[in-house]
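# Descriptive analysis of the structure
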Amino acid sequence: MNRKTFLLKIASAGAIATFSPTSLSGAENKSVVAGFNLSKKIFEVGKEYDVSINFPSNLKDKVAKGFLTVVGDDGASEIDGTLFNRAFGTPLNFKLEQNRIVFKVKFGREQCYCFRIFEKKIPKDTPSHLYPKTLAVLHAYALNADMLSLIPLRGDFHIHSTRSDGKDTPENVALRNYECGFDFQSLSDHGRYQPSVDMKNLFEPFDTSMAFYCAEECHRAHPHIHNIGATESVTKYIDSHIPQFYRRVDVIMKDISDKEFTFRERKDIAKIQAECEIIRKLGGLAVFNHPYWSRGSVGSFYYNQMPKKLWDEVCKRKIFDVYELINYGCAEMSISRALINYAELRAQGIKYPVIGTSDGHDVRDQGQGYSIVFASSNSIADIKDAIMNHRSIAVVEYACTNATEKGRIAPLAYGDDRYVRFAYFLFDYYFPEHSKLIQAQGKILREIVMNKKDTKENRANLKKYSELAKNSYKNLIA
């Protein structure tokens with residue numbers, strides 16, 4: 001069983017009750033007949049809109065005789081959010097204007113809505129299996145105002161290059177993130193902050209939609225602690241303040257029970273806390289990386305990074321800021337334990353923000369584990385604010401192996417239900433096209449940076465695709 005199949009089994013078994021791996025994927029994912037298209041796809045709850053659906057001119061007679069309904073995805077609700085488990089939904093009156101269906105809608109609550117156009121009217125109590133032929137199925141999403149002001153941003157906070165133990169140069173790592181269609185990235189070499197600064201300095205002068213954040217994976221404590229967005233290297237800071245660092249460790253140790261923990265265990269917990277304190281002092285987010293990471297795999301020599309006894313104590317003491325829930329570089333058992341442990345923490349009332357990463361040491365692994373952050377912008381300040389307010393989710397992608405969908409790349413997303421549900425709408429209706437605009441930027445940047453073709457034409461095209469990418473989400477909103 002490969003890793004992605006294993007992760008799918010975890011989710012489908014219901015092991016993580018606090019998460020929402022739900023998907024819009026299925027037979028009604030897209031319009032039944034090509035050519036039907038909603039004018040806008042994202043709306044604000046409680047506002048009335050004039051909505052139109054374009055359709056092929058050769059179907060005008062069928063559409064004129066058709067029947068339009070809308071149903072909410074949360075329990076098959078009416079458009080106003082009431083009732084549930086009624087697949088019929090709410091009938092909508094419409095009129096035709098040339099090759100457009102025009103109608104009014106006001107969505108009652110935040111959820112995905114499914115519009116269906118049938119060939120003829122359906123009597124109210126008709127069982128769903130007796131519905132007439134469907135001409136089109138289209139989806140829209142209604143958001144509350146607070147969510148409508150945010151932008152969904154994808155990226156990877158945890159990647160390595162040849163500046164530590166990665167296989168690819170920092171430049172190729174950075175360009176690979178464009179190929180993945182990401183909105184942000186942070187190179188995070190082991191104990192080295194400067195590579196992320198170098199990539200930020202190299203790429204930011206170009207007009208692109210990508211944001212670069214400074215980061216490093218720190219190792220002054222036994223487990224790996226991530227520094228995202230600090231103003232300087234935490235590793236260098238500690239190295240230049242060794243006496244102060246260990247004095248702080250000694251103070252923290254006095255607050256840890258010597259009856260429950262050995263001297264070595266207390267010291268390791270204290271070092272984790274002291275390191276996280278410095279990350280925050282320097283303006284960064286302190287992330288606990290791959291908490292159950294194992295060296296090697298079961299059946300060969302292996303060991304876990306963090307004994308569960310110590311990990312439980314660190315979590316209860318709320319030493320770090322963010323939980324790296326998905327790390328694609330980890331073994332199956334490591335990811336499974338991280339997911340289950342997070343559910344256990346939630347049951348105890350302990351809730352950490354989550355992120356997902358690739359921990360890529362090879363560009364081929366990038367893009368298979370990542371985060372989605374719902375933020376006001378992709379500035380580091382807005383990203384940190386969004387994560388700390390739990391507006392981030394962790395994603396891992398797997399390849400379907402069943403006969404009907406074999407080869408389809410599907411995402412598993414984990415985090416708060418509200419953001420996970422909306423993310424699955426975006427997987428279908430936003431990210432694919434948005435990613436193409438970022439990939440186009442990456443292709444041009446490779447010509448400029450790697451092939452030294454810094455021409456006026458390349459600069460102009462780069463700016464064009466950058467502007468399109470920056471505005472692509474706005475274009476979905478009514």
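Definitions and limits used
- Residues numbered from 1 in each chain as written.
- Predicted model: local features only at pLDDT ≥ 70, side-chain atom pairs only at ≥ 80, totals over all residues.
- Heavy atoms only, no water.
- Axes fitted to C-alpha atoms, helices over the stretch in contact; angles between N-to-C directions.
- Helix = DSSP H or I, 4+ residues; strand = E, 2+ residues; numbered from the N terminus.
- Parallel < 35°, antiparallel > 145°, perpendicular 65-115°, else oblique.
- Left-handed = near helix turned anticlockwise from the far one by under 90°.
- Contact = heavy atoms within 4.5 Å.
- Nonpolar A, V, L, I, M, F, W, Y, C, P; charged D, E, K, R; others polar.
- Pairing = 2+ DSSP bridges.
- Salt bridge = Lys/Arg side-chain N within 4 Å of Asp/Glu carboxyl O.
- Buried < 20%, exposed > 50% of the residue type's maximum accessible area, 1.4 Å probe, protein only.

## Thoughts on the packing of helix 7 (residues 242-253) against helix 8 (residues 263-281)
In contact at an axis separation of 8 Å, helix 7 and helix 8 are set at 120 degrees when each is read in the N-to-C sense. Comparing the axis directions of helix 7 and helix 8 gives the class oblique. By crossing handedness, the relation of helix 7 to helix 8 is classed as right-handed. Facing helix 7, whose interface residues are Phe245, Tyr246, Arg248, Val249, Ile252 and Met253, helix 8 presents Phe263, Arg266, Lys267, Ala270, Lys271, Gln273, Ala274, Glu275, Glu277 and Ile278. When the residues that make up the contact of helix 7 with helix 8 are grouped by side-chain class, the tally is 9 nonpolar, 1 polar and 6 charged.

## Remarks on the sheet that holds strand 19 (residues 354-357)
The 5 strands are arranged 13-14-15-18-19 in an open sheet whose pairing can be described as mixed. Looking at strand neighbours, the two that pair on one side only are strand 13 (215-218) and strand 19, the edges of this open sheet. Within this sheet the neighbouring strands show an average axis-to-axis angle of 30 degrees, counted without direction. Pairing of strand 14 (residues 225-228) with strand 15 (residues 285-288) involves 4 bridges; the strand directions are antiparallel. Bridge pairing links isoleucine 225 to phenylalanine 288 in strand 15. Each of strand 14, strand 15, strand 18 (322-327) and strand 19 touches helix 11 (residues 380-388); the most contacted strand, strand 15, lies at about 50 degrees to it.

## Here we look at the packing of helix 4 (residues 170-179) against helix 13 (residues 431-450)
Two measures define how a pair of helices packs: the angle their axes make with one another and the distance between the axes. Following both chains from N to C, one finds helix 4 and helix 13 inclined at 155 degrees, their axes separated by 7 Å at the closest point. Considering the angle they form, helix 4 stands roughly antiparallel to helix 13. Along its contact with helix 4, which presents Glu171, Asn172, Leu175, Tyr178 and Glu179, the element helix 13 presents Ile438, Gln439, Gln441, Gly442, Leu445, Arg446 and Met450. Among the residues forming the contact of helix 4 with helix 13, the class breakdown is 5 nonpolar, 4 polar and 3 charged.

## As for the pattern of salt bridges
Taken as a whole and judged by the stated rule, the model has 33 salt bridges. The shortest N-O distance in the salt bridge between aspartate 239 and arginine 220 comes to 2.7 Å. Of this pair, aspartate 239 sits in helix 6 (residues 234-239) while arginine 220 sits in the loop between strand 13 and strand 14, placing them 19 residues apart in sequence. Note on aspartate 239: relative accessible area 42%, which makes it partly exposed.

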